[in-house]
Every structure is written in C-alpha cells, then in structure tokens.
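Now for the letters of each chain:
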Amino acid sequence: MMPIGPLMKEHRLIEKMIQLMQNEIKKIKKHNKVNPLFIDIAVDFIRFYADKTHHGKEEDILFRDLEQKQLSPNHTKIMEELVEEHVWARIRVGKLVDAKNQYTKGKSEVVDQIINLMTELTEFYPKHIEKEDKHFFIPVMKYFNQEEQERMLQEFWDFDKSLIHERYEQVIENLKN
Ligand SMILES: [Fe+2]
Ligand SMILES: [Fe+2]
C-alpha cells in the first residue's frame, strides 16, 4: 500500500462526519435550537481525528518529507495552501467552541453564529479533501522511491499507535479537572 492509502481512507470517515454536521445544521435552522452535545462530539472528532490524527500525519510526516524534495512550483504552492487551510479550520473550530460555550451560558443569539461556523466547516472539508485526493496525494508519491514509501507508511502506523494512549490519558486528565 502507498502511504497515501490510510490518508484517503481517513478522508472517507471525515466526509461522514461532515454529512452528519450538514444534517445537524438543518435541525438547528428548523428548531432554532442547538444541541451542545452534538457540537462537543463533532468538535472532538475534528480536533482529535481530523486534525491531530489526520492532519498530523500529513504535516508531521508527509509534508515534512516532501520539504526535503525538489518539488515543482505547483506542488509547493498546493502544499502551502493545504497547511494554511489546516490553520484556517483550527481557528474556525475554536470559534465554534466559543460560540457553543456562550450558547450553553444562555446567549441564544449565538445560534446564527453557530450555523455560520458549522456551514463554513462543512463547505471547507470537501474542497480541502478533493484538493488532496485529486490534485496532490497521488502526483507527489513520485518524489519517493519504494523504500521511502514503505518507511513513511510504517511511520504513519507508529504515529497512530501513540495517539490512542494520548487520547485516553487526555480523557483521564479531563475527568480529574
Ligand atoms: Fe489536509
Ligand atoms: Fe487530508
């Protein structure tokens, strides 16, 4: 398997969460009410799975190794855009958490802000994923030989393995506080 295999598989799960978020936006609009629990779960998914686990492998392993290669100007440009887009998504998620916290404190006027932020995120991810799947991942594999690809795939697995422990250490920390 090429190292981009697991990344593309992760995209499919992220798309499922985006679909659930789209359904939730419709519910919020219909009832003018937010389910804070849904937002907590969606934010946890985005932060831990889409960002830490998935963008983590992209940035800390794939992009790091691509930086050592002589990339075409177009590939350099796309990689820079992808990193900027990850930053943009992190900021939007942070704003969504703030808005949800205000909502749970009784500020019901933030409903529109929550709808807008969720809409921005659900529009963002499919475009970002398409850019990677269709215009970046496969072409950039040519910069790596077979051995480098196998090493990268192994590093991906090791990266994932360490995260499961981090995840549950975090659960314990959160419960203690
Ligand atoms: Fe990405
Ligand atoms: Fe991705």
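Quantities reported herein were computed from a predicted structural model and do not represent experimental measurements. (Residues numbered from 1 in each chain as written. Chains lettered and ligands numbered in written order. Predicted model: local features only at pLDDT ≥ 70, side-chain atom pairs only at ≥ 80, totals over all residues. Heavy atoms only, no water.)

Visitor: In this structure, what is going on with the coordination of the iron ion (ligand 2)? I would like to understand it.
Guide: Reference values for coordination geometry: four tetrahedral donors around a metal ideally subtend 109.5 degrees, six octahedral donors ideally subtend 90 or 180 degrees. Here the iron ion (ligand 2) is held by the protein donor atoms His11 (NE2), His54 (NE2), Glu58 (OE) and Glu132 (OE), which lie 2.0 to 2.1 Å from it. Classification of the site at the iron ion (ligand 2) rests on its 4 donor atoms, whose angles at the metal span 80 to 166°, yielding the label irregular. If you list the donors of the iron ion (ligand 2) from N- to C-terminus, the spacing comes out as H-x42-H-x3-E-x73-E. (Donors = N, O, S within 2.8 Å, 3.2 Å for Na, K, Ca; no water. Tetrahedral: all angles 85-135°; square planar, octahedral: opposite > 155°, others 65-115°.)

Visitor: Is there a simple way to think about the packing of helix H1 (residues 4–31) against helix H2 (residues 36–66) in this case?
Guide: For any two helices packed against each other, the geometry comes down to the angle between their axes and how far apart the axes lie. Here H1 crosses H2 at 155°, and the two axes come no closer than 11 Å. Comparing the axis directions of H1 and H2 gives the class roughly antiparallel. Judged by the twist between their axes, the crossing of H1 over H2 is left-handed. Judged by residue contacts, Leu7, Glu10, His11, Leu13, Ile14, Met17, Leu20, Met21 and Glu24 of H1 engage Phe38, Ile41, Ala42, Phe45, Ile46, Tyr49, Ala50, Thr53, His54, Lys57, Glu58 and Leu62 from H2. (Axes fitted to C-alpha atoms, helices over the stretch in contact; angles between N-to-C directions. Helix = DSSP H or I, 4+ residues; strand = E, 2+ residues; numbered from the N terminus. Parallel < 35°, antiparallel > 145°, perpendicular 65-115°, else oblique. Left-handed = near helix turned anticlockwise from the far one by under 90°. Contact = heavy atoms within 4.5 Å.)

Visitor: Is there a simple way to think about the nonpolar core in this case?
Guide: Burial of nonpolar side chains together is a common tendency in soluble globular proteins. Ranked by internal contacts, the top residues of the largest apolar core, which has 30 residues, are Met21, Ile46, Leu96, Ile114, Met118, Leu121 and Tyr125. Only H1, H2, helix H3 (73–104) and helix H4 (111–135) provide two or more residues apiece to this core. It is H4 that provides the largest number of residues to this core, a total of 9 residues. If near-sequence neighbours (up to four positions away) are discounted, methionine 118 is found in contact with Met21, Glu24, Ile25, Ile28, Phe38, Ile39 and Leu96. (Core = buried A, V, L, I, M, F, W, Y, C linked by side-chain atoms within 4.5 Å. Buried < 20%, exposed > 50% of the residue type's maximum accessible area, 1.4 Å probe, protein only.)

Visitor: Looking at this structure, how should I read the coordination of the iron ion (ligand 1)?
Guide: Protein-derived coordination of the iron ion (ligand 1) comes from Glu58 (OE), His86 (NE2), His128 (NE2) and Glu132 (OE), at a distance range of 2.0 to 2.2 Å. Note that the iron ion (ligand 1) binds 4 donor atoms; their angles at the metal cover 86 to 174°, and the shape is irregular. Written as a sequence motif, the donor residues of the iron ion (ligand 1) are E-x27-H-x41-H-x3-E. Between the iron ion (ligand 1) and the iron ion (ligand 2), both coordinated by glutamate 58, there is a metal-metal distance of 3.2 Å.

Visitor: How should the side chain of glutamate 24 be read in this particular structure?
Guide: Relative to the helices and strands, glutamate 24 resides in helix H1. Contacts of glutamate 24, omitting those with residues within four sequence positions, involve Asn35, Phe38 and Met118.

Visitor: Teacher, can you tell me more about the side chain of aspartate 51 here?
Guide: As for its position among the elements, aspartate 51 is in helix H2. With sequence-adjacent residues up to four places away left out, aspartate 51 is seen in contact with Ile46, Gly56 and Arg90.

Visitor: What am I meant to see in a nonpolar patch on the surface here?
Guide: On the surface, Val83, Val87 and Ile91 cluster together to form a nonpolar patch covering roughly 210 Å² of accessible area. Looking at the element boundaries, valine 87 is found in helix H3. (Patch = residues over 30% accessible without salt bridge, like charges linked within 9 Å, V, L, I, M, F, W, Y side chains within 5 Å. Areas by Shrake-Rupley, 256 points an atom, 1.4 Å probe, with all protein chains shown as cover. Salt bridge = Lys/Arg side-chain N within 4 Å of Asp/Glu carboxyl O.)

Visitor: Can you help me understand unusual backbone geometry in this one?
Guide: Excluding glycine, most residues fall at negative phi; most peptide bonds, likewise, are trans. The phi torsion at asparagine 32 lies on the positive side, around 50°, for a residue other than glycine. Among the secondary structure elements, asparagine 32 is positioned in the loop between H1 and H2.

Visitor: Would you mind showing me how to read the packing of aromatic side chains here?
Guide: Describing an aromatic ring pair means giving the distance of the ring centres and the angle of the ring planes. All chains considered together, the criterion is met by 5 aromatic pairs. Between phenylalanine 45 and tyrosine 49, the ring centres sit 5.1 Å apart and the planes meet at 35°, which makes this aromatic pair tilted. One end of the pair is phenylalanine 45 and the other is tyrosine 49, both in helix H2 and 4 residues apart, which spans about a single turn. Taking the relative accessible area as the measure of exposure, phenylalanine 45 reaches 16% and is therefore buried. Each ring, one from phenylalanine 136 and one from phenylalanine 137, has its centre 6.5 Å from the other, and the planes form 50°; the classification is tilted. Summarising the burial analysis for this pair, phenylalanine 136 and phenylalanine 137 share the class buried. Cluster of aromatic residues (ring-pair linked, three or more members): Phe63, Phe136 and Phe137. One residue, arginine 167, lies across the ring of phenylalanine 48, its end atom 5.2 Å from the ring centre. Against the face of tyrosine 168 rests arginine 167, its NZ or CZ located 5.9 Å from the ring centre. (Phe/Tyr/Trp six-rings, centres within 6.5 Å; stacked < 30°, edge-to-face > 60°. Lys NZ or Arg CZ within 6 Å of the ring centre and 35° of its normal.)

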